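Single-letter residue listing:
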Amino acid sequence: FEGAQFCSTGLMADLKVSIVLCRHQTPHRRVHVQHDMEFLVVSMGATFESIFTQEVSFLICRLADSPKYRAAMDLDVPPVVEQWVIDCFNAGGSP
């Protein structure tokens, strides 16, 4: 993830997830998805931007119906779901 830029659109306000942190699994907990996505991508060496630009590497999204999603498709920026970010983090930080 080093050098990658992430942006998000349409994330739910909260979600129950289980994340492995430092080899200790957290119990399912309610999280604020955008803040947790930002924490995860930054902890893996990427940056998290609130404004979509052509420098964005990945768009974290739920639905294919937003201006950011359409811009990502126009620029060939791959859309990913929250679970992909969580799985990458749990696997040690690489896609």
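Caption draft 1: Broad picture of the side chain of S66. With respect to the helices and strands, the residue S66 is situated in the loop between β7 (58–61) and α2 (67–74). For S66, a relative accessible area of 10% gives the class buried. Here the side chain of S66 touches T9 through a polar contact of 3.2 Å, side chain to side chain.

Caption draft 2: Expanded view of the sheet that holds β7. Spatially, the 4 strands line up as an open sheet ordered β6-β1-β7-β8, and their pairing is parallel. Two strands bound the open sheet, and with one partner strand each, they are β6 (47–48) and β8 (79–80). Most of the contacts of helix α3 (residues 82–90) go to β7, to which it runs at about 115°, and overall it touches β1 (5–9), β7 and β8.

Caption draft 3: Spotlight on the environment of P78. Relative to the helices and strands, P78 is located in the loop between α2 and β8. A sequence separation of 20 residues divides P78 from F58, and the C-alpha atoms of the two residues are 5.4 Å apart.

Caption draft 4: Inspection of the pairing of β1 at higher detail. Counting buried positions along β1 gives 5 out of 5 residues, so the element sits mostly inside the fold. Residues of β1 alternate between two faces, with Q5, C7 and T9 on one and F6 and S8 on the opposite face, all of them buried. Sheet analysis places β1 next to β6, joined by 2 bridges and oriented parallel. Pairing of F6 across the sheet is with F48, part of β6. When β1 meets β7, the two strands line up parallel, connected through 4 bridges. Residue S8 lies in a different strand from β7, and its bridge partner there is I60.

Caption draft 5: Molecular detail of the packing of aromatic side chains. Counting across every chain of the model gives 5 aromatic pairs. Judged by centre distance (6.4 Å) and plane angle (40°), the ring pair of F1 and F58 falls under tilted. One end of the pair, F1, is in the segment before β1; the other, F58, is in strand β7, with 57 residues separating them in the sequence. The same class applies to F1 as to F58, namely buried. Here F6 and F58 contribute two aromatic rings whose centre-to-centre distance is 5.0 Å and whose plane-to-plane angle is 20°, an arrangement assigned as stacked. Highlighted residues: F6 in strand β1 and F58 in strand β7, separated in sequence by 52 residues. Side by side, F6 and F58 carry an identical accessibility label, which is buried. Members of the aromatic cluster, each reached through a chain of ring pairs, are F1, F6, F58 and W84.

The rules we used
Residues numbered from 1 in each chain as written. Predicted model: local features only at pLDDT ≥ 70, side-chain atom pairs only at ≥ 80, totals over all residues. Heavy atoms only, no water. Helix = DSSP H or I, 4+ residues; strand = E, 2+ residues; numbered from the N terminus. Buried < 20%, exposed > 50% of the residue type's maximum accessible area, 1.4 Å probe, protein only. Polar contact = N/O pair within 3.5 Å; in protein donor to acceptor, adjacent residues only side chain to side chain. Pairing = 2+ DSSP bridges. Contact = heavy atoms within 4.5 Å. Axes fitted to C-alpha atoms, helices over the stretch in contact; angles between N-to-C directions. Phe/Tyr/Trp six-rings, centres within 6.5 Å; stacked < 30°, edge-to-face > 60°.

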